[in-house]
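# Overview (structure and organization)
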Amino acid sequence: MGDRQIWYYIKEGVRSIFTHGLMSFAAVCMTVACLLIMGSFSLIAVNAGNILQDLEDENEFLAYVDESLSQNEARALQDEIEAIPNVSSVTFVTKEQALQDFIAQQETAELFENTSAETLRDRYRIHVEDIEQLQDTADQVKQVNGIADVEASLEIADGFVMVRNVATAIAVILIVMLVVISVFIIANTIKLSTFTRREEIAIMKMCGATNWFVRAPFLVEGVILGLAGGIIAFFCQWGIYGLITRAMMESGIFSIITTVPFGNISHVVLLVFLLVGFAIGGGGSVMAIRKFLKV
């Protein structure tokens, strides 16, 4: 295939796009909508996953040792706790250390200077590998003989897990629906092009044009529409993400939430948008030319 032939396919594909401007515009808009919705919910899931990772790295739950155990007996529980699945690290904290940590966190530390360490319990700080299994891990630690109670922030972890899972599920459902609609619109755009050029196609076949030579411009047209939608959606997603993250940083409610900088994932987002746009455009074209260009 020569360069002139390739340029012919591209030229004819672009010409068809502008010939049916309204349908082409609708096809690009649907592709953009599909990719924006896919990207938005995917970014929500990515950020929720990032926050969960931070919680896994920083968050811990406490296991309080029974008061009847001596400190040596309490320390002896560490090996049993470390053997529990999903436990990444275990740190023993004495009553005295716990009291010092508590006083250090208070603004009026002098009020607690005479507090006895005996009012507290020896404890373990336990980090987990997978925060989704925090509840099960805490329950297993509580079953260890000598552990009186556990304290875990299950609501926070469960909340972010739910956000990530819901965002992922919604994204998958909407993506399937919108991809089908986008492919359908692009297919109809290509059908309109084939109908408009039906006489030209008939003459080309009479002159001996190959199947590929006839079909290629329509395939190029669909791919261009899909890629155009992917590029436009990428820049729209970049702007929307920037506005939302900026608003969250300025808000007192969401300022504690750390978002992933778009620059860190922009190359992945662009690649995915282009691949999905290519698939939508190419898929719609194939559907149209297989049915209406049986040559």
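Nothing here was measured: the structure is a model prediction, and the numbers come from that model.

### Quick look at the overall build of the protein
The number of helices and strands found in the protein is ten helices and four strands. The helix and strand sequence of the protein, counted from the amino end, reads α-α-β-α-α-β-α-β-α-β-α-α-α-α. Residue burial in the protein is summarised as follows: out of 295 residues, 39% are buried. Sequence separation of at least 24 residues holds for 83% of the intrachain contacts in the protein that already meet a minimum separation of 6. Carbon and sulfur atoms make up 62% of the accessible area of the protein, which amounts to about 16,700 Å² in all.

### Topic: the sheet that holds strand β1 (residues 61-65)
Spatially, β2-β3-β1-β4 is the arrangement adopted by the four strands of the open sheet, whose pairing is antiparallel. Two strands close off the open sheet at either side, each with one partner strand: β2 (87-93) and β4 (147-151). Neighbour to neighbour, the strand axes of the sheet diverge by 25 degrees on average, direction disregarded. Direction of pairing for β1 relative to β4: antiparallel, over a ladder of four bridges. In the sheet register, A63 faces β4, and the bridge partner there is V150. Strand contacts of helix α6 (residues 134-142): β1, β2, β3 (123-128) and β4, with the helix running at about 160 degrees to β4, the strand carrying the most contacts.

### So, the pattern of salt bridges
Overall, the coordinates contain two salt bridges when judged by the stated rule. Across the pair K142 and D149 runs a salt bridge, and its minimum N-O distance is 3.8 Å. Classification of K142 as partly exposed rests on a relative accessible area of 40%. D149 gets classed as partly exposed once you look at its relative accessible area, which sits at 32%.

### With respect to the environment of V272
Here V272 lies in helix α10 (residues 262-292). By relative accessible area, which is 34% here, V272 ends up partly exposed. A C-alpha to C-alpha distance of 9.5 Å links V272 and F234, two positions 38 residues apart in sequence.

### Some words on the packing of aromatic side chains
Overall, the coordinates contain six aromatic pairs when judged by the stated rule. Through a chain of ring-to-ring contacts, the aromatic side chains of F234, F235, W238, Y241 and F262 assemble into a single cluster.

### Considering the environment of A279
Topologically, A279 is positioned in helix α10. Exposure remark for A279: the relative accessible area of 48% places this residue in the partly exposed category. Once the C-alpha coordinates of A279 and V179 are considered, the two residues, 100 residues apart in sequence, prove to be 9.4 Å apart.

### Brief notes about unusual backbone geometry
Leaving glycine aside, a negative phi is the common case for residues, and trans is the common case for peptide bonds. A positive phi is found at N86, a non-glycine position, where the angle reads about 80 degrees. Mapped onto the secondary structure, N86 falls in the loop between α4 (78-82) and β2.

### Concerning the pairing of β3
Of all the six residues making up β3, five are buried; the element is thus mostly covered by neighbouring parts of the structure. Across four bridges, the pairing between β1 and β3 is antiparallel. Directly across from F61, in β3, lies its bridge partner I126.

### So, α6
For α6, the set of buried residues is L134, T137, A138 and V141. The arc that holds every buried residue of α6, seen down its axis, measures 100 degrees, which confines them to one face.

### Details of the state of the cysteines
Taken as a whole, this structure holds zero disulfides when the rule is applied. Looking at the unpaired C29, the closest cysteine sulfur is the one in C236, lying at 9.7 Å. On the accessibility criterion, C29 (32% relative accessible area) is partly exposed.

### Points about the environment of H127
The topology assignment puts H127 in strand β3. Note: C-alpha distance between H127 and T137 (ten residues apart in sequence) is 10.0 Å.

### A few points about the side chain of T31
Positionally, T31 belongs in helix α2 (residues 21-58). Judged by its relative accessible area of 0%, T31 falls in the buried class. Non-local contacts of T31, meaning those with residues more than four positions away in its chain, are made with S182, I186, G226, G229, G230, G277 and I280.

Conventions we followed
Residues numbered from 1 in each chain as written. Predicted model: local features only at pLDDT ≥ 70, side-chain atom pairs only at ≥ 80, totals over all residues. Heavy atoms only, no water. Helix = DSSP H or I, 4+ residues; strand = E, 2+ residues; numbered from the N terminus. Buried < 20%, exposed > 50% of the residue type's maximum accessible area, 1.4 Å probe, protein only. Contact = heavy atoms within 4.5 Å. Areas by Shrake-Rupley, 256 points an atom, 1.4 Å probe, with all protein chains shown as cover. Pairing = 2+ DSSP bridges. Axes fitted to C-alpha atoms, helices over the stretch in contact; angles between N-to-C directions. Salt bridge = Lys/Arg side-chain N within 4 Å of Asp/Glu carboxyl O. Phe/Tyr/Trp six-rings, centres within 6.5 Å; stacked < 30°, edge-to-face > 60°. Arc of directions from axis to C-beta. Disulfide = S-S within 2.5 Å.

These results come straight from atomic positions and should not be treated as a statement about function.
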